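So you can see what is in the structure, the chains are spelled out below.
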Amino acid sequence: MAVEFGVLIPTRETIMSGRPETGPLLTMAERAEAAGFDAVWIGDSITARPRHEPLTLMAAIAGRTRRVRLGTGVLLPALRNPVVLAHLIGTVDRVAEGRVILGVGIAADTPAIRKEFAACGVPWDRRVGRFLETIEICRALWQRDNVSFTGKHFTLDGSTVEPKPHRAGGPPIWIGGSGPTGLREAARFDAWFPTGPSVEFFAEHFPRIQAAARAAGRPAGAVAGAAYLTLAIDPSPAAAERRLHGFLESYYAAPAKAMMARQATYAGPIEGCAEWLQRWIDAGARHLALRFAGGDQLAQVDEAAAKLLPRLRRG
């Protein structure tokens, strides 16, 4: 499988900077497509880290692009009603003509995210069960009519949702997360899509996830490897590190070192970045979603397209 590259659209950063206009975000998606990226990604948070609603923005990007795939990096299904979510995604996938990738997560345990769940009326201690049932219901509604379901959290009695997604059976579902629950459930999904914490961790756990999928009767290669990686590229390692630390601390309101222990990050010259990304590819990652830490996003899209992607695709 060829290596693919995606780029994160900086919805959170635009809110933080007081510039919520969507025009620059749509322009960046168009630029990423023109530059040769394979996908654009949009994060999700309702109150914990406010940003544009991902599925709505995805529909707008779908209308401005033709080739790139459109992914959520990552959506929290437990915060949504599963029937409404299935309807939204089915419609967006129709708009995008089958280009949607549904990246999903269970939710990290932080005070802000616990507060977000409370604000949405979702009990924190029920998030895993709601997550699993929501995914099961969405898949059923995308595949057939008159769906009935009885679970601990949701009940359906002969429900049908239209339109069905453009892609038969619905979009591929990629699960993020490197905690125990995410690792345990990853073998059931189409890809494992963690934010880290390191390439060594990925290299250790990805083969285990693939083995678990085969043991469950899935064909070889059923679970792809992907990674969400944060980059601060600068000829000066010190300047790159300062930018990365400042970005992480403003984005997460937490010490940079704490975030770097949980997320895979690189700060330094572009040559070293290419070598670092190659390590993820060697470990089995076949889709790398790149988040640029601050700075001129369009310029970094162009630089990565010119200096990173050709080298890594050749490798």
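Residues numbered from 1 in each chain as written. Predicted model: local features only at pLDDT ≥ 70, side-chain atom pairs only at ≥ 80, totals over all residues. Heavy atoms only, no water.

So, the pairing of strand E1 (residues 4-9)
With 6 of its 6 residues buried, E1 lies for the most part within the structure. Neither face of E1 is exposed, since Glu4, Gly6 and Leu8 on one face and Phe5, Val7 and Ile9 on the opposite face are all buried. As paired elements, E1 and strand E11 (residues 287-292) share 4 bridges and run parallel to each other. Paired with Val7 across the two strands is Leu290, which belongs to E11. Here E1 pairs with strand E2 (residues 39-42) via 4 bridges, running parallel. By the bridge assignment, Ile9 is partnered in E2 with Ile42. (Buried < 20%, exposed > 50% of the residue type's maximum accessible area, 1.4 Å probe, protein only. Helix = DSSP H or I, 4+ residues; strand = E, 2+ residues; numbered from the N terminus. Pairing = 2+ DSSP bridges.)

Re the layout of surface pockets
Of the pockets and cavities examined, the largest pocket occupies roughly 1000 Å³. Lining the largest pocket are 43 residues, and of these Arg49, Ala107, Ala108, Ile113 and Arg262 sit closest to its centre. Its boundaries defined by the atoms lining it, the second largest pocket holds a volume of some 340 Å³. Lining the second largest pocket are 14 residues, with Pro10, Glu13, Thr14, Arg19 and Gln297 sitting closest to its centre. (1 Å grid on protein atoms, 1.4 Å probe; cavity = no way out; pocket = protein on both sides within 12 Å on 5 of 7 lines; lining within 4 Å. Points joined across faces, edges and corners; volume = space filled by probe spheres on them.)

Structural notes on unusual backbone geometry
Of note, the amide linkage connecting Gly73 to Val74 takes the cis form, showing an omega dihedral of -10 degrees. In this fold, Val74 is placed in the loop between strand E3 (69-72) and helix H4 (82-95). Omega for the peptide link from Gly196 to Pro197 comes to 10 degrees, which places this bond in the cis form. Summarising the element assignment, Pro197 is placed in the loop between strand E8 (191-192) and helix H8 (199-215). Even without glycine at this site, Glu97 takes up a positive phi of about 55 degrees. Among the residues examined, Glu97 registers a relative accessible area of 60% and is labelled exposed. With a phi close to 50 degrees, Ala253 is a non-glycine residue in the positive phi region. Within the secondary structure, Ala253 is located in the loop between helix H9 (237-252) and helix H10 (256-260). Ala253 sits in the exposed class, given a relative accessible area of 73%.

All we've got here are geometric facts, nothing functional implied.
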